[in-house]
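Each chain is listed here by its residues.
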Amino acid sequence: MASPPTLRRLGRTAAVLVPLGVVANVALALLTTDRHVIVAAAELPLAPLALAGGLALVPWVTGALRVQLWASFVGHPVRFLDGLRAVVGGMVGSVVTPTGSGGGFLKWALLTRQGLPAGAAGTLLVVEAVENAAFMAVALPLALTLTVAAEAPALRAALAGASDGIVLVVLVAGAVMLGTSLLFAASARGRLGRGPRRLIARIRGGLRRPFTDARRVAALVARRGRLRFAAGFALAAVQWTARYSVAAALLAFLGVPVQPVLSWALQWATFTLMAVVPTPGAAGGAEAAFAALYAPFVPADVLGLATAAWRLVLFYAPLSIAAFVFLGLEKMADPPELSTSDVPT
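Residues numbered from 1 in each chain as written. Predicted model: local features only at pLDDT ≥ 70, side-chain atom pairs only at ≥ 80, totals over all residues. Heavy atoms only, no water.

Enquirer: Can you help me understand helix H3 (residues 47–73) in this one?
Expert: Given 3.6 residues per turn, any residue in an α-helix points the same way as the ones three and four places further on. Compared with the 39 Å implied by 1.5 Å per residue over 27 residues, the 39 Å span of H3 between its first and last C-alpha is a close match. Its maximal kink placed at Leu-57, H3 deviates by approximately 25°, while the proline Pro-59 follows within four residues. Positioned one or two residues after H3, Gly-75 has a phi angle of 85°, which is positive. (Helix = DSSP H or I, 4+ residues; strand = E, 2+ residues; numbered from the N terminus. Expected span 1.5 Å × (residues − 1). Bend = angle between axes of the 7 residues up to and from the residue.)

Set out below in structure tokens:
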């Protein structure tokens, strides 16, 4: 489990990395956008930009509510601020580690600090993932159905632009998974020596209790958690609709006529690619995925500015707040130190 000093170090690391990301994206906008476009953008109405900023913060609230929803279900209720700390901590973790791994682990660590058993905390994350997948299974086909007829040529061009990257990502991810599985199996059978075999045995022993807790919570959800699952599904719908609508609001601010539902579908594709980018916070890969997918729909002289603005508003601006909020909430959670006058004699 991550200790408080480790968590604070992650927060401080994020507080350093986030400004670097901001500088990189500002540089990207300046290098890829004509000066007259930037000057014209400064005179555009600010309402769509404010809407984008508000939408980017909605997942904070819905995420904290989802933590509260399921933590109380397993008999370990938490306050809203505790749920918010777990959500914000997950965001901070995603800055300093690859997007597909770090955020979830740190969120799990923070939930266990709130008193949840390790297996129950892991199962809560799995339940949230199932809610997300269920919403996407409903919303994504609907979004594609509503947009594919009108935008079929451009949509094919967007997918073609990202196809090489998608194939490479799938091949690399598959090779890593296969190699890890073979290494694990060889270690468990003693083919790599006694040391790796004992290590695998200890890992299996440490995972036995969490898996037992996970099975118990999963059975409990199946029996008595259907209404809560429906509530979690609704919160997931609000969360992902808001997050995927940020790009459409920013494009409206820049005067680019893109269908909101089409942009929502493109955001799903962008986030899917980001999840397997190995760099911390998907740095570089996120911008490349956005630019490739939106290129058929956004004018070339605005694409660089749109990419940088999307990354700043959806990621770096909230994460700048999150890093400091996380440090503040962690400090509030720590018990006060006793002064010498408080020590009984």
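Enquirer: Sorry if this is basic, but what is going on with the environment of Ala-42 here?
Expert: Assignment of secondary structure puts Ala-42 in the loop between helix H2 (35–41) and H3. Residues Ala-42 and Leu-254, spaced 212 residues apart in sequence, show a C-alpha to C-alpha distance of 9.7 Å.

Enquirer: Would you take a moment to explain the packing of helix H9 (residues 260–274) against helix H10 (residues 285–294) for this structure?
Expert: Pairs of packed helices are described in terms of their axes, by the angle between the two and the distance that separates them. As a packed pair, H9 and H10 sit with axes 9 Å apart at the nearest point and diverge in direction by 145°. Between H9 and H10 lies a crossing of right-handed hand. Residues Ser-263, Leu-266, Gln-267, Ala-269, Thr-270, Leu-273 and Met-274 of H9 form the contact with H10, whose participating residues are Ala-286, Ala-289, Phe-290, Leu-293 and Tyr-294. Each residue belonging to the contact of H9 with H10 can be placed in one class, and the counts come to 9 nonpolar, 3 polar and no charged. (Axes fitted to C-alpha atoms, helices over the stretch in contact; angles between N-to-C directions. Left-handed = near helix turned anticlockwise from the far one by under 90°. Contact = heavy atoms within 4.5 Å. Nonpolar A, V, L, I, M, F, W, Y, C, P; charged D, E, K, R; others polar.)

Enquirer: Would you mind showing me how to read the packing of aromatic side chains here?
Expert: What characterises a pair of aromatic rings is the spacing of the ring centres plus the angle enclosed by the ring planes. In the structure shown here, the tally under the stated rule is 11 aromatic pairs. Chaining the aromatic ring pairs together yields one cluster made of Phe-135, Phe-233, Trp-240, Tyr-244, Trp-264, Phe-271, Phe-290, Tyr-294, Trp-310 and Phe-315. If you follow Arg-243 out to its NZ or CZ, it ends over the ring of Trp-240, 4.8 Å from the centre. A cation over a ring is seen here: Arg-311 above Phe-315, with NZ or CZ 4.4 Å from the ring centre. (Phe/Tyr/Trp six-rings, centres within 6.5 Å; stacked < 30°, edge-to-face > 60°. Lys NZ or Arg CZ within 6 Å of the ring centre and 35° of its normal.)

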